[in-house]
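# Descriptive analysis of the structure
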Amino acid sequence: MALYPTKRLRRLRYNPIIRNMIRETTLTKDDFIYPLFVIPGKNIKREVKSMPGNYQMSVDEIVKECKKIYSLGIPAIILFGIPDHKDEVGSGAYDSNGIIQQAVKAIKKEVKDLLIITDVCLCEYTSHGHCGVLGGEEILNDETVELLVKESISHVEAGADIIAPSDMMDGRIGAIRKALDGKGFYKIPILSYAAKYASGYYGPFREAAESTPAFGDRRSHQMDPGNSMEAMREIEEDIEEGADIIMVKPAGPYLDVIYQAKQKFGMPTAAYQVSGEFAMIKAAGKNGWIDEERIMMESLTAIKRAGADMILTYFAKDAAKYLDRTNK
Ligand code: PBG
Ligand code: ZN
């Protein structure tokens, strides 16, 4: 094998044209899914303080925003709903006239080619802010799964293109798949939040989604940050139950999990660059401590390099504009 000085890896780095030709990982707009928060009312567009450039929006404003997103070339959104009324069993989640259902119908009517993914969980809809039904202080698994099934069906009936369960209850993918098929919705894919960690990086999201739990935390269903083999078991179970796309969340701090998942299962793989990852980059950028745009692109490239085929990111619009500007 040739060694230095015959072999020089820098040879391919001197010229930007060559660098572009040999780049292994490139981002395109098709990689991005943009998260949106919908609230009741009219003419409301309220910025989330810890997530500059991201808003809680009423249905009419969401529709306007979706037109912009579509015209930027971003193919898909994921919707989170904040209902006007919350109760013990999160009934707003599966109300046929609930906030998500209204938003999905309105967007489908006005921006029909934008792919709509809906987040399926109860925490935005329960008065206690937990992801499921409570028995005392415990989140009851099987009772919760029944409600997640109702929520999923109701989203699809409103027109959702893909269902994304984010709750981490055992057995929900199988139950949702069976119920969707039973209703004739066999063409609707499930994007499973398969390996979702109990993470401090969700802080800003909980302000945006108004879903902070009233007591306790989510450690009895979301995963322990120290575990990666367990993540493989979670993912395997969801694939067996019928998940079409698997997701790892958060993304940046869990690149090893994304990598392992892609290597092991070869499934279409999504990664969620969550609110805290976004907020940290924004904040440091605003302070002039880092070059925000550069780190935006570097962080997204790293997530894709690890094995993600698609990235849920609050940077989707900025990154799409960057790609347009640099013609990449
Ligand atoms: C709801 C849900 C959460 C996120 C997506 N869906 C928060 C949570 O588990 O508390 C987090 C997204 C983000 O931080 O950007 N189960
Ligand atoms: Zn939840």
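A brief structural summary. (Residues numbered from 1 in each chain as written. Chains lettered and ligands numbered in written order. Predicted model: local features only at pLDDT ≥ 70, side-chain atom pairs only at ≥ 80, totals over all residues. Heavy atoms only, no water.)

Bringing the coordination of the zinc ion (ligand 2) into the picture now. A metal bound by six donors in octahedral fashion has ideal angles of 90 or 180 degrees, whereas one bound by four tetrahedral donors has an ideal angle of 109.5 degrees. Taken together, Cys121 (SG), Cys123 (SG) and Cys131 (SG) make up the protein donors of the zinc ion (ligand 2), found 2.3 Å from the metal. Note that the zinc ion (ligand 2) binds 4 donor atoms; their angles at the metal cover 93 to 130 degrees, and the shape is tetrahedral. (Donors = N, O, S within 2.8 Å, 3.2 Å for Na, K, Ca; no water. Tetrahedral: all angles 85-135°; square planar, octahedral: opposite > 155°, others 65-115°.)

Here the focus is the pattern of salt bridges. Here the structure, examined in full by the defined rule, presents 17 salt bridges. When the shortest N-O distance is used, the salt bridge between Lys317 and Glu65 registers 2.6 Å. Residue Lys317 is found in helix H11 (residues 316–326), and its partner Glu65 is found in helix H2 (residues 59–71); the two are separated by 252 residues along the sequence. Here Glu65 falls in the buried class, since its relative accessible area comes to 2%. In this structure, Arg172 engages Asp167 in a salt bridge whose closest nitrogen and oxygen atoms are separated by 3.1 Å. A single salt-bridge network, built from bridges that share partners, covers Lys45, Glu65, Lys68 and Lys317. (Salt bridge = Lys/Arg side-chain N within 4 Å of Asp/Glu carboxyl O. Helix = DSSP H or I, 4+ residues; strand = E, 2+ residues; numbered from the N terminus. Buried < 20%, exposed > 50% of the residue type's maximum accessible area, 1.4 Å probe, protein only.)

With their axes 9 Å apart at the nearest point, helix H9 (residues 275–286) and helix H10 (residues 292–306) run at an angle of 155 degrees to one another. Considering their axes alone, H9 and H10 lie roughly antiparallel with respect to each other. The two elements H9 and H10 meet at a crossing, and its hand is right-handed. Here Ile281, Lys282 and Gly285 of H9 come into contact with H10, specifically with Glu292, Ile295, Met296 and Ser299. (Axes fitted to C-alpha atoms, helices over the stretch in contact; angles between N-to-C directions. Parallel < 35°, antiparallel > 145°, perpendicular 65-115°, else oblique. Left-handed = near helix turned anticlockwise from the far one by under 90°. Contact = heavy atoms within 4.5 Å.)

The environment of ligand 1 is made up of 19 residues, and the closest members are Arg206, Gln222, Lys249, Ser275 and Tyr314. One of the side-chain N or O atoms of Lys249 is found 3.4 Å from a nitrogen atom in ligand 1. Interatomic distance of 2.6 Å between a side-chain N/O atom of Tyr314 and an oxygen atom of ligand 1. Across the shell around ligand 1, the residue classes break down as 10 nonpolar, 3 polar and 6 charged. (Near = heavy atom within 4 Å. Polar contact = N/O pair within 3.5 Å; in protein donor to acceptor, adjacent residues only side chain to side chain. Nonpolar A, V, L, I, M, F, W, Y, C, P; charged D, E, K, R; others polar.)

Here the focus is the side chain of Ser228. By the secondary structure assignment, Ser228 is in the loop between helix H6 (203–209) and helix H7 (229–241). For Ser228, the residues in contact, after removing those within four places along its chain, are Tyr197, Asp256, Val257 and Gln260.

For Glu234, the location among the structural elements is in helix H7. For Glu234, a relative accessible area of 15% translates into the label buried. Note: C-alpha distance between Glu234 and Ser275 (41 residues apart in sequence) is 23 Å. Each residue touching Glu234, except ones within four places of it in the same chain, is listed here: Met168, Ala194 and Met223.

A few words on the pairing of strand S4 (residues 76–81). Extensive coverage of S4 is indicated by the burial of 6 of its 6 residues. The two faces of S4 match: Ala76, Ile78 and Phe80 on one face and Ile77, Leu79 and Gly81 on the other face are all buried. Relative to S4, strand S1 (residues 32–39) is paired through 6 bridges, and the arrangement is parallel. From the neighbouring strand, Ile33 faces S4, where its bridge partner is Ala76. In terms of strand pairing, S4 meets strand S5 (residues 115–120) through 4 bridges, oriented parallel. Bridged to Leu79 within S5 is Thr118. The parallel pair S4 and S5, bridged by helix H3 (residues 99–110), forms a crossover whose chirality is right-handed. (Pairing = 2+ DSSP bridges. Right-handed = clockwise from strand over helix to strand, strands pointing away.)

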